[in-house]
Number of protein chains: 2
Amino acid sequence: MANQPITSYSTAPEVDALVNDLIGRVADKWTLLVLEQLEEGGEQRFGALARAVPGISQKMLTQTLRAMERDGLVIRTVHPVIPPHVDYRLTTLGHSLGEAFCGVWHWAEANLAAVQRSRSAFDARD
Amino acid sequence: MANQPITSYSTAPEVDALVNDLIGRVADKWTLLVLEQLEEGGEQRFGALARAVPGISQKMLTQTLRAMERDGLVIRTVHPVIPPHVDYRLTTLGHSLGEAFCGVWHWAEANLAAVQRSRSAFDARD
DNA sequence: CCGTATCCGCCTTGATACTG
DNA sequence: CAGTATCAAGGCGGATACGG
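Sequence order sets the numbering: in each chain, residues are counted from 1 along the sequence as written. Following the order in which they are written, the chains are lettered starting with A and the ligands numbered starting with 1. Two thresholds apply to this predicted model, a pLDDT of at least 70 for residue-level local features and 80 or more for giving and counting side-chain atom pairs, whereas whole-chain, interface and lining totals are computed over all residues. Side-chain measures were taken over the full set of non-hydrogen atoms in the model, leaving aside hydrogen atoms and water.

> Just to check I follow, could you spell out the protein's contact with DNA strand D for this structure?
The local shell around DNA strand D holds 17 residues, among which Phe46, Gly47 and Arg76 of chain A together with Lys59 and Met60 of chain B are the closest. Throughout, the term near means that a residue has one or more heavy atoms lying within 4 Å of the molecule or strand in question. Taken together, the sugar and phosphate atoms account for 58% of what DNA strand D places within 4 Å of the protein. Strands are runs of DSSP state E lasting at least 2 residues, helices are runs of H or I lasting at least 4, and numbering of each runs from the N terminus. Those elements that provide at least two residues to the surface near DNA strand D are helix H3 (46–52), helix H4 (58–70) and strand E3 (85–90) of chain A together with helix H4 (58–70) of chain B. Take the surface near DNA strand D: its biggest share by element is four residues, from H4 of chain A. Charged residues are taken to be Asp, Glu, Lys and Arg, nonpolar residues to be Ala, Val, Leu, Ile, Met, Phe, Trp, Tyr, Cys and Pro, and polar residues to be all remaining types, Gly included. Of the residues contributing to the surface near DNA strand D, the split by class is eight nonpolar, four polar and five charged.

What follows is the structure, given as structure tokens:
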């Protein structure tokens, strides 16, 4: 396969695309909120999550939890009782993702004011 | 304003919402790719970015760069010549965001295989 | 070369109603 | 209580054409 072009770096282009897709999935608004809620509240029921995450619809919660389960971020535990009782908790992988996002979270907290100032200045042009 | 409820944490709920919005803005697919490209390529022209970011349309590139400029992540420099010549480079703030995202980037790289395995296992259920 | 404007299809999301 | 199904609506993103 000869030499790689000099513009390439450590990882292969296709892997880069996969990594980007993964980030896109995982950086979703609802996923972030659910992740946060599971981090601070520990194992919780579907209804508890629905109440805790502001503005999420049942559909989006189900969809988000399914995707997270499929990606190995959460464990879904069904207790076969009536009425149904389903618990969700983070996996080790899910936890590690939460930690990885801490950096972004801190950045956003630390620089929110700066961004707001920048926006005001920009909007006041002309 | 008396005591805060015991379930609250360091930041106020409204700030939390603002922080979430900010993350939503900044975690956008195209923003991430443009940020990456500016990190590794330094100051570049509009056309160079258009060529470097795979699959982006002119419209999305313009839109993304405007939003980043407004948020104080990039500096736009117009050289008043014919034909026009416009350069973009990261601000300190933009650079710091790139560093904050490194954690997520590394997580995605390190755990891509694990996620793919989880997905395969999930899809093979039943 | 850089950017704006317009149109249009599609995908995501929310609301609602219903089942186990 | 937890989840699915259906439908309508809105926004996002792409293609194209044009302006400075």
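> Explain helix H1 (residues 13–26) of chain B to me, please; I cannot follow it from the model alone.
When the terminal C-alpha atoms of H1 of chain B are compared, their 20 Å separation across 14 residues agrees well with the 20 Å that a helix rising 1.5 Å per residue should span. Under the scheme applied here, a residue whose accessible area is under 20% of the maximum for its type counts as buried, over 50% as exposed, and between as partly exposed, the area being computed with a 1.4 Å probe on protein chains only. Listing the buried residues of H1 of chain B in full gives Asp16, Val19, Asn20, Leu22, Ile23 and Val26 of chain B. With its buried residues spanning 160 degrees around the axis, H1 of chain B presents them on a single face. Exposed residues on H1 of chain B whose side chains face more than 90 degrees from its buried face are Pro13, Glu14 and Asp21 of chain B. The contact rule is simple, with two residues in contact once any of their heavy atoms fall within 4.5 Å. Along its buried surface, H1 of chain B packs onto helix H2 (29–41) and helix H5 (92–123) of chain A together with helix H2 (29–41) and helix H5 (92–123) of chain B. Each residue after the first adds 1.5 Å to the expected span of a helix. Note: the arc covers the axis-to-C-beta directions of the helix.

> How do you make sense of the pairing of strand E2 (residues 74–79) of chain B when you look at a structure like this?
Side chains on a regular strand alternate between the two faces of the sheet. Residues and elements named next belong to chain B. Where E2 lies against strand E3 (residues 85–90), six bridges are found, and the strand directions are antiparallel. The residue of E3 that forms the bridge with Val78 is Val86. Counting the residues in the hairpin turn of E2 and E3 gives five residues. For two strands to pair, DSSP has to find at least two bridges joining them.

> Explain the pattern of salt bridges here, please?
Side-chain pairs of opposite charge can arise whenever the charged atoms involved come near each other. By salt bridge we mean one thing: a side-chain nitrogen of Lys or Arg within 4 Å of a carboxyl oxygen of Asp or Glu. Inspection of the entire model under this criterion finds six salt bridges over all chains. For Arg119 of chain A, the salt bridge identified is with Asp71 of chain B, shortest N-O distance 2.6 Å. Here the residue Arg119 of chain A occupies a position in helix H5, and Asp71 of chain B occupies one in the loop between H4 and E2, the pair thus bridging two chains. In this structure Arg119 of chain A comes out as buried when scored by relative accessible area, which is 17%. Note on Asp71 of chain B: relative accessible area 4%, which makes it buried.

> Even after reading the chapter, I still don't get the state of the cysteines, so can you show me in this structure?
A covalent bond between the sulfur atoms of two cysteines is what we call a disulfide. Note on disulfides: each one is a pair of cysteine sulfur atoms within 2.5 Å. By the definition in use, this model includes zero disulfides over all chains. Counting only cysteine sulfurs, Cys102 of chain B is the nearest neighbor of Cys102 of chain A, a cysteine outside any disulfide, at a range of 15 Å. What makes Cys102 of chain B partly exposed here is its relative accessible area of 34%.

> Quick question: what am I supposed to make of the UniProt feature "domain: HTH hxlR-type" (unreviewed entry) in chain A here?
UniProt positions are given in the numbering used here, feature names are shortened, and annotations may be inferred rather than shown by experiment. Residues annotated by UniProt as "domain: HTH hxlR-type" (unreviewed entry) correspond here to residues 12–116 of chain A. As annotated, residues 12–116 of chain A has a helix share of 69% and a strand share of 13%, and its two end C-alpha atoms lie 37 Å apart.

> I would appreciate a short explanation of the protein's contact with DNA strand C in the present structure.
What surrounds DNA strand C is a group of 16 residues, the closest being Lys59, Met60 and Pro84 of chain A together with Phe46 and Arg76 of chain B. The sugar-phosphate backbone supplies 60% of the atoms of DNA strand C found within 4 Å of the protein. Between a base nitrogen of DNA strand C and a side-chain N or O atom of Gln58 of chain B, the distance comes to 3.1 Å. One of the backbone N or O atoms of Pro84 of chain B is found 3.5 Å from a sugar or linking oxygen in DNA strand C. The term polar contact refers here to a pair of N or O atoms within 3.5 Å; inside protein, the definition further demands a hydrogen-donor-capable atom paired with an acceptor-capable atom, and it admits residues adjacent in sequence only when both atoms are side-chain atoms.

> Mind showing me how you'd approach the relation of the copies chain A and chain B here?
One chain copy maps onto the other through a rotation about an axis and a shift parallel to that axis. Superposing copies: least-squares fit, C-alpha atoms only, residues required to have pLDDT of at least 70 in both. Take chain A, turn it by 180 degrees, move it 0.0 Å along the axis, and it overlays chain B with an RMSD of 0.1 Å. Interpreted geometrically, this transformation is the action of a two-fold axis.

> Honestly, the packing of H4 of chain A against H5 of chain B in this entry has me stumped. Any pointers?
The relative placement of two packed helices comes down to the angle between their axes together with the axis-to-axis distance. One can describe the packing of H4 of chain A onto H5 of chain B by two numbers: an axis separation of 8 Å at closest approach and a directional angle of 110 degrees. When the axis of H4 of chain A is compared with that of H5 of chain B, the two are roughly perpendicular. Between H4 of chain A, through Arg66, Glu69 and Arg70 of chain A, and H5 of chain B, the contact on the second element is made entirely by Val115, Ser118, Arg119, Phe122 and Asp123 of chain B. Looking at the contact of H4 of chain A with H5 of chain B residue by residue, the class counts come to two nonpolar, one polar and five charged. Lines fitted to C-alpha atoms define the axes, with helix axes restricted to the stretch in contact, and inter-axis angles between N-to-C directions lie between 0 and 180 degrees. Orientation labels follow simple angle bins: below 35 degrees gives roughly parallel, above 145 gives roughly antiparallel, 65 to 115 gives roughly perpendicular, and whatever is left gives oblique.

> It is not clear to me how the sheet that holds E2 of chain B should be interpreted in this structure. Could you clarify?
Within a sheet, each strand pairs with its neighbour through backbone hydrogen bonds, oriented either parallel or antiparallel. All names here are of chain B. With antiparallel pairing, the three strands of this open sheet are ordered in space as E1-E3-E2. Edge positions in the sheet fall to strand E1 (44–45) and E2, since each of these pairs with one other strand and no more. Note: E1 against E3, two bridges, orientation antiparallel. If you follow Gln44 over to E3, its bridge partner there is Tyr88. Across the sheet, H2 touches E1, E2 and E3, and the angle it forms with E3 is around 90 degrees. Running at roughly 115 degrees to E2, H4 makes contact with E2 and E3 of the sheet.

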